[in-house]
Number of protein chains: 2
Amino acid sequence: MRPKITLKKIAKEFNVSISTVSKALKDSHEIGIELKEKINTYAKLHHYKPNSLAVRLQNQQSKVIGIVIPNIVHHFFSTVIQGIEEVTNENGYNVMICLSNESFDKEVMNIGMLSNGSVDGLIVSMSKETQRNNSYDHINELIDNDFPLVMFDRVKEELKCDKVIIDDVNGSLNATDHLIEIGCKKIALITTPSHVTVGQLRRKGYVNALQKKGVQVDLDLIAEIDERQNIQDQIEELFEEQEFDGIFAVNEVYAVTAMNIARNRGLNIPEDISIIGFTDGPISKLAIPPLTTVVQHGFSMGKQAAQLLLKRIESKVSYEPQKVVLSTNLKIRKSTKSV
Amino acid sequence: MRPKITLKKIAKEFNVSISTVSKALKDSHEIGIELKEKINTYAKLHHYKPNSLAVRLQNQQSKVIGIVIPNIVHHFFSTVIQGIEEVTNENGYNVMICLSNESFDKEVMNIGMLSNGSVDGLIVSMSKETQRNNSYDHINELIDNDFPLVMFDRVKEELKCDKVIIDDVNGSLNATDHLIEIGCKKIALITTPSHVTVGQLRRKGYVNALQKKGVQVDLDLIAEIDERQNIQDQIEELFEEQEFDGIFAVNEVYAVTAMNIARNRGLNIPEDISIIGFTDGPISKLAIPPLTTVVQHGFSMGKQAAQLLLKRIESKVSYEPQKVVLSTNLKIRKSTKSV
DNA sequence: CTGTTAGCGCTTTCAC
DNA sequence: GTGAAAGCGCTAACAG
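If you're wondering where the values come from, they're calculated on a predicted model, not measured in any experiment. (Residues numbered from 1 in each chain as written. Chains lettered and ligands numbered in written order. Predicted model: local features only at pLDDT ≥ 70, side-chain atom pairs only at ≥ 80, totals over all residues.)

A. Region of interest: the overall build of chain A. A tally of helices and strands in chain A yields 14 helices and twelve strands. Along the first, second and third principal axes, the C-alpha set of chain A runs to 85 × 40 × 35 Å. A total of 339 residues make up chain A; the buried ones form 47% of that total. Once local pairs closer than 6 in sequence are excluded, the contacts in chain A between residues at least 24 apart make up 71%. (Helix = DSSP H or I, 4+ residues; strand = E, 2+ residues; numbered from the N terminus. Buried ≥ 20, exposed ≤ 12 C-beta atoms within 10 Å, placed from the backbone. Contact = placed C-beta atoms within 7 Å.)

This is the structure:
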């Protein structure tokens, strides 16, 4: 790469001092108008741009915020990132994204890397492995140092940091309620293993809804999908062993997979069986029939997380951790009977 | 945020010089074993981590590579990012992602920002607006400065930089060929406006395939979708006005949307009409019937792009731009008749 | 109007 | 064995 042009070189070119050049480029009134013009045209010609590392070191802030997420090939997460990008950019920050790929070790490494002055603050959503391990030393270290941090979606309640979460319990409570209202008598739940917090919360909403209506919760109607195995087979198994006329699934893929299996078994949707998914993405919209879903507003989540973080970064004083809970809404399409 | 612990502070703590501490932490043989131990435990205790901005400024390299892409909420792009992440991480680099949101101005800004020493190299895929404007000064500036750059997918042939592209022409040629082989007589093409290079190339493959078989290309069978309008309506219009028994669509969404419209119109798939999409993602897999697609290997694309870039960054001498062309393969599922 | 100086946090060479 | 000093590119307070 061609050596970068620096203040020093420009200074040498005109036989002036570095600070003169620096001021000239900033259009300081202290510098002679002629000299300023010469320096500026020269700089423009050579595409001078201040070395951002130097500037950032000087200012003791990087103007970049770090994002550590488990995965990016996932409509929800990429939506959140878009939201984050939007508000950080508006405020002159850039983002640095690191993927943990659901691995605890990578998450720890990423957070370690980024918090070394690379970024001014961190937005993180935990990997499944971290949640399974239940170890949060890497997060607590940040918190102990008052490092600006906001967690979103996959959070740990006990951690003393800003958080943005979806109201998972109410989202699935409403979904389950809706299934009951349209007349479903036996509602299956397709969820994650219990260590995934959002899965757990959505399960809670499902259970609460049933209990509120005095319906006995039948554990056999609950399938916990282990993603290390074949998803389709596991859902198929549920159909083999149980009978039901409603399904609530904690994500798009489970929901659409279930819908496809149902159809293959000769069931009509929504006449024979109504299905609701959680998370609204392209899969749900294009499914046949279009899937009724609990819409979680990823974009808005990203924006809020970024706002919390910037507030924290830019605040001189420290204040209590804040928690933002985003409510969901039910997008009724064609995979559920009408009331 | 609690003030970061620095070499200086540790030095003061032990009444030694900064350089002694620096060496001690690097386990230099020049330092007394006792002092070394004391310093190291102290550092560990206080979670000392070298300020990466300072280190990077010193080394004149950031060990981060920048990615500028139009969009992240898109399965293909996020797959590419995963690939990039994988190889850069293996080599001790981090990634910084900036989204242009298909805007020319944002793309120019992002590239400007990142190339100021923030990153050691850039991987970019152009925004649609850039392609429409046909202006590449921002890219050429990088090239003129020998700034390490690799473009992928949405590239401009004339630009003298490393590139990784999909063999779009052959991919769609094969797809169209396949439709012909299974007996389709009239094949519609659902594509992008012609300024989108990949759309143009895929159209070329379609045209070539037809011509090779001596089939006359009927322009009325080609729909160019303007994404600023309603996609569904535009495809619907094609069905209204034309008759055909095969469809080749340049992406998943167009393909599945077309498939759904066809079904709504009482057509059986694949008996009455066969459909192939370009790009293989979750939508295609979960569609009913599962969509036959041209698989473009995004993950591999990302890996190759990153490899080219690292090679460029780490090479002392400059060498001719390289171009990697990735071939696709046809994943036959249920939306096409069997031969 | 222009220059000197110190300093951001760290590394490295060279003295002692 | 330990430290002083220079330098990475830039900014800013202070002199002249």
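B. Representation of the domain arrangement of chain A. Taken domain by domain, chain A comprises domain 1 (7–50), domain 2 (62–165 + 298–326) and domain 3 (168–296). One C-alpha centre belongs to domain 1 of chain A, the other to domain 2 of chain A, and the line joining them spans 40 Å. (Domains from an automatic or database assignment.)

C. Molecular detail of the relation of the copies chain A and chain B. When chain A is fitted to chain B, the best match, at an RMSD of 0.1 Å, comes from turning it 180° and sliding it 0.0 Å along the axis. Viewed as a symmetry operation, the transformation between the two copies matches a two-fold axis. Every residue of chain A has its C-alpha some distance from the rotation axis, and the shortest such distance is that of Met96 of chain A, at 2.1 Å. Most of the interface of chain A is mirrored in chain B, where 100% of its interface residues are also at the interface. (Least-squares fit on C-alpha atoms with pLDDT ≥ 70 in both.)

D. Highlighting the protein's contact with DNA strand D. The full set close to DNA strand D counts 23 residues, and Ser19 of chain A together with Val16, Ser19, Glu30 and Gly32 of chain B are the nearest of them. Tallied by class, residues from the surface near DNA strand D come to ten nonpolar, eleven polar and two charged. (Near = placed C-beta within 6 Å. Nonpolar A, V, L, I, M, F, W, Y, C, P; charged D, E, K, R; others polar.)

E. Structural view of the sheet that holds strand S10 (residues 292–295) of chain A. All names here are of chain A. A sheet is described by the order of its strands in space; here six strands give the open sequence S7-S6-S8-S9-S10-S12, paired in mixed fashion. The open sheet is flanked by strand S7 (222–224) and strand S12 (329–331), the only strands paired with a single partner. The sheet shows a mean angle of 20° between the axes of neighbouring strands, taken without regard to direction. Across three bridges, S10 lies against S12 in antiparallel orientation. Paired with Val294 across the two strands is Leu330, which belongs to S12. Where helix H12 (residues 252–264) meets the sheet, its contacts fall on strand S6 (187–191), strand S8 (246–249) and strand S9 (274–278), and the angle it forms with S9 comes to roughly 160°. (Pairing = 2+ DSSP bridges. Axes fitted to C-alpha atoms, helices over the stretch in contact; angles between N-to-C directions.)

F. Main features of the interface of chain A and chain B. Opposite the 45 residues of chain A that make contact, chain B presents 45 residues. The set of elements that each furnish at least two residues to the side of chain A that touches chain B consists of helix H4 (52–59), helix H5 (75–90), strand S2 (94–99), H12 and helix H13 (282–286) of chain A. Classifying every residue of the side of chain A that touches chain B gives 23 nonpolar, 15 polar and seven charged.

G. A look at the nonpolar core. Counting residues in hydrophobic clusters, the biggest one holds 86 residues, and the most contacted among them are Ile123 of chain A together with Ile123 of chain B. In this structure Ile123 of chain B touches Ile65, Ile67, Ile84, Val150, Phe152, Ala305, Ala306 and Leu309 of chain B, once residues within four positions along its chain are discounted. Counting 76 residues, the second-largest nonpolar core is a separate cluster that includes Ile247, Val253 and Ala258 of chain A together with Ala249 of chain B. (Core = buried A, V, L, I, M, F, W, Y, C linked by C-beta atoms within 7 Å.)

H. Region of the structure containing the protein's contact with DNA strand C. Around DNA strand C lies a shell of 24 residues, among which Thr20, Glu30 and Gly32 of chain A together with Thr6 and Ser19 of chain B are the nearest. Taken together, the residues of the surface near DNA strand C break down into ten nonpolar, eleven polar and three charged.

I. Quick peek at the packing of helix H1 (residues 7–14) of chain B against helix H2 (residues 18–25) of chain B. All names here are of chain B. Packing of H1 against H2 leaves a shortest axis separation of 8 Å and a crossing angle of 105°. Here H2 runs roughly perpendicular to H1, going by the angle between their axes. Residue-level inspection shows Leu7, Lys8, Ile10 and Ala11 of H1 in contact with H2, the latter providing Ile18, Thr20, Val21 and Ser22. When its residues are assigned to classes, the contact of H1 with H2 shows five nonpolar, two polar and one charged. (Parallel < 35°, antiparallel > 145°, perpendicular 65-115°, else oblique.)

J. Broad picture of the sheet that holds strand S10 (residues 292–295) of chain B. All names here are of chain B. The sheet built from six strands is open, its strands ordered S7-S6-S8-S9-S10-S12 with mixed pairing. In this open sheet, the two strands that pair with only one neighbour each are strand S7 (222–224) and strand S12 (329–331). Within the sheet, the average angular offset between the axes of one strand and its neighbour, ignoring direction, is 20°. Note that strand S6 (residues 187–191) and S7 share three bridges and pair parallel. Bridge pairing in S7 links Leu189 to Ile222.

K. Looking closely at the pairing of S8 of chain A. All names here are of chain A. Here S8 shows two buried faces, one formed by Gly246 and Phe248 and the other by Ile247 and Ala249. With four bridges joining them, S6 and S8 adopt parallel strand pairing. When the bridges of S8 are listed, Ile187 appears paired with Gly246. Sheet topology note: the S8/S9 ladder contains four bridges and is parallel. In the sheet register, Ala249 faces S9, and the bridge partner there is Gly277. Once the chain exits S8 it traverses H12 before rejoining the sheet at S9, and the crossover so formed is right-handed. (Right-handed = clockwise from strand over helix to strand, strands pointing away.)

L. Looking closely at helix H14 (residues 298–314) of chain B. Residues and elements named next belong to chain B. Taking 1.5 Å per residue, 17 residues should reach 24 Å; H14 reaches 24 Å between its end C-alpha atoms and fits that length. Burial in H14 covers these residues: Gly298, Met301, Gly302, Lys303, Gln304, Ala305, Ala306, Leu308, Leu309, Leu310 and Arg312. On its buried face, H14 sits against strand S1 (64–69), helix H5 (75–90), strand S3 (121–124), strand S4 (149–152), strand S5 (162–166) and strand S11 (323–326). (Expected span 1.5 Å × (residues − 1).)

M. How the structure looks around the environment of Ser22 of chain B. Here Ser22 of chain B is to be found in helix H2. For Ser22 of chain B, a count of 16 C-beta atoms within 10 Å puts it in the partly exposed group.

N. Molecular detail of unusual backbone geometry. Of note, the amide linkage connecting Ile269 of chain B to Pro270 of chain B takes the cis form, showing an omega dihedral of 10°. Positionally, Pro270 of chain B belongs in the loop between helix H12 (252–264) and strand S9 (274–278). The omega torsion of the bond from Ile288 of chain B to Pro289 of chain B falls at -15°, within 30 degrees of zero and hence cis. For Pro289 of chain B, the location among the structural elements is in the loop between helix H13 (282–286) and S10. Phi angles above zero are rare outside glycine, and Asn101 of chain A is one such case at about 50°. Locating Asn101 of chain A in the fold gives a position in the loop between S2 and helix H6 (104–114). The class of Asn101 of chain A is partly exposed, set by 19 C-beta atoms lying within 10 Å. Its identity is not glycine, yet Lys63 of chain B carries a phi of approximately 55°, on the positive side. Its location among the elements puts Lys63 of chain B in the loop between helix H4 (52–59) and S1.

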